[in-house]
Amino acid sequence: MSGRRTRDAVRDSLIKNGLPSTTKTVIAGLANTYTDYITTYEEYQIQRYEGASTIYGPHTLKAYINQFVFLAEAMVLNKTVPVGPKPPNYLSSQLSFNLPVVYDGQPSGQVFGQAIKDVSLKYLQNSTVSVTFVSANPRNNLMTEKTFLTVEKQNSSTDWEVIATDSSWNTIFAWERTSTLFGESIATITWDIPADQPTGTYRIRHFGYAKPNPLSEAIKEFTGSSKPFQVVTKKLKFDWRDFNRPQYWRYFKALGHYKKKYQNLYNTIP
């Protein structure tokens, strides 16, 4: 009901200020902030969950409608409106109890991005493949708009096509601390191969950032890759000779077919 009242009030303001009577308004629930629930005045009086969560009081909806009508009129008439007060920024004064990354270590003889539990050579469609890498704390770089992993299909000797990332439903990126004292960790990447995945050559890659020096804030990028593996289809083995079994001939006779007719076919099969 709050949305309906807001929509109707904005539409009336738009039409009143010159837009056609057929104008339609649509509420899109997208915002860069959160102000809890906004109920009608009547619903606020009941004080159920939504009403009790309307934290700015019973006239919250009316205040929103008043501002939206004001902005709608300004948009139609091309009026300039004041920017208004700038909200305070409290980021600098917020407390964080999440300790920073101290450092990342790598086991002796191993390097960041190295596959320590690699893939097999072949996997069937509708199966699962996983690979484990020497990794580092993912908080070094959250990879915003990037990815910690890719699943890639080989199209040519040098061309690899990304077919899945860490945002895909059929991939899992699992990070595990293996030694707190030495800062060592691993990352296991799992890919559930779809049943209709095209056959071919694939690989799984891991991307990350490491902080190897505890006395420095510098971090370094690393990448790793599994060895190439094949995705193959499961072919059913079928032998025409199976039809020579007595139980099959009973079915053929029931359908009006006779063994003699199919025996000739059987005899031609090497």
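The structure this text deals with has already been given above.
Residues numbered from 1 in each chain as written. Predicted model: local features only at pLDDT ≥ 70, side-chain atom pairs only at ≥ 80, totals over all residues. Heavy atoms only, no water.

Q: Tell me about the layout of surface pockets, and name the residues and values.
A: For the largest pocket, the calculated volume is near 580 Å³. As for the largest pocket, its lining consists of 19 residues, of which I27, A28, G29, I38 and F68 are closest to the centre. Elements supplying a minimum of two residues to the lining of the largest pocket: α1 (2-16) and α4 (60-77). Considering each element in turn, the lining of the largest pocket owes the most residues, five residues, to α1. Looking at the lining of the largest pocket residue by residue, the classes come out as 11 nonpolar, seven polar and one charged. Volume-wise, the second largest pocket comes out at about 210 Å³. Within the lining of the second largest pocket, the residues separate by chemical class into seven nonpolar, two polar and no charged. (1 Å grid on protein atoms, 1.4 Å probe; cavity = no way out; pocket = protein on both sides within 12 Å on 5 of 7 lines; lining within 4 Å. Points joined across faces, edges and corners; volume = space filled by probe spheres on them. Helix = DSSP H or I, 4+ residues; strand = E, 2+ residues; numbered from the N terminus. Nonpolar A, V, L, I, M, F, W, Y, C, P; charged D, E, K, R; others polar.)

Q: Just give me the short version of the pairing of strand β7 (residues 184-192), but keep the residues and values in it.
A: A large share of β7 lies buried, amounting to seven of its nine residues. As paired strands, strand β3 (residues 128-135) and β7 are joined by eight bridges and run antiparallel to one another. Its bridge partner lying in β7, T128 is registered against D192. Where strand β6 (residues 171-179) lies against β7, eight bridges are found, and the strand directions are antiparallel. Directly across from F173, in β7, lies its bridge partner I189. Connecting β6 to the next strand, β7, in antiparallel fashion are four residues, including G183 with a positive phi near 65°. (Buried < 20%, exposed > 50% of the residue type's maximum accessible area, 1.4 Å probe, protein only. Pairing = 2+ DSSP bridges.)

Q: How would you summarise the packing of α1 against α4 if you had to cite specific residues and measurements?
A: Remark: α1 packs on α4, axes separated minimally by 9 Å, with the N-to-C direction vectors making an angle of 30°. With respect to α4, the axis of α1 lies roughly parallel. The interaxial crossing formed by α1 with α4 has right-handed handedness. Note on element contacts: α4 touches α1 through L61, I65, F68, V69, A72, E73 and V76, opposite S2, R5, T6, A9, V10, S13 and L14. (Axes fitted to C-alpha atoms, helices over the stretch in contact; angles between N-to-C directions. Parallel < 35°, antiparallel > 145°, perpendicular 65-115°, else oblique. Left-handed = near helix turned anticlockwise from the far one by under 90°. Contact = heavy atoms within 4.5 Å.)

Q: Run through the packing of aromatic side chains, naming residues and quoting values.
A: For the structure shown, the criterion picks out eight aromatic pairs. Consider the rings of Y64 and F68, whose centres lie 6.0 Å apart with planes at 35°: the pair is tilted. On the criterion of helical spacing, the pair formed by Y64 and F68 is a turn pair, its members being four residues apart in helix α4. For Y64, a relative accessible area of 27% corresponds to the partly exposed category. By relative accessible area, which is 38% here, F68 ends up partly exposed. Through pairs of rings, three or more aromatic residues link up here, namely Y123, W191, Y202 and F229. In this arrangement the basic side chain of R203 is found over the ring face of W160, its NZ or CZ atom lying 4.1 Å from the centre. (Phe/Tyr/Trp six-rings, centres within 6.5 Å; stacked < 30°, edge-to-face > 60°. Lys NZ or Arg CZ within 6 Å of the ring centre and 35° of its normal.)

Q: An account of the environment of V162 is requested, with residue identities and associated values reported.
A: Within the secondary structure layout, V162 lies in strand β5 (residues 160-165). Assessed through its relative accessible area of 43%, V162 is described here as partly exposed. Considered as a pair, V162 and Y202 are 40 residues apart in the sequence and their alpha carbons are 9.7 Å apart. Setting aside anything within four residues of it in sequence, one finds V162 in contact with T150, V151 and E152.

Q: I'd like a description of the sheet that holds strand β1 (residues 115-117), backed by residues and values.
A: Overall, antiparallel pairing links the four strands, which are arranged β1-β3-β7-β6 in an open sheet. Pairing within the sheet leaves two strands with one partner each, and these edge strands are β1 and β6. For this sheet, the mean inter-axis angle between neighbouring strands, taken without regard to orientation, is 30°.

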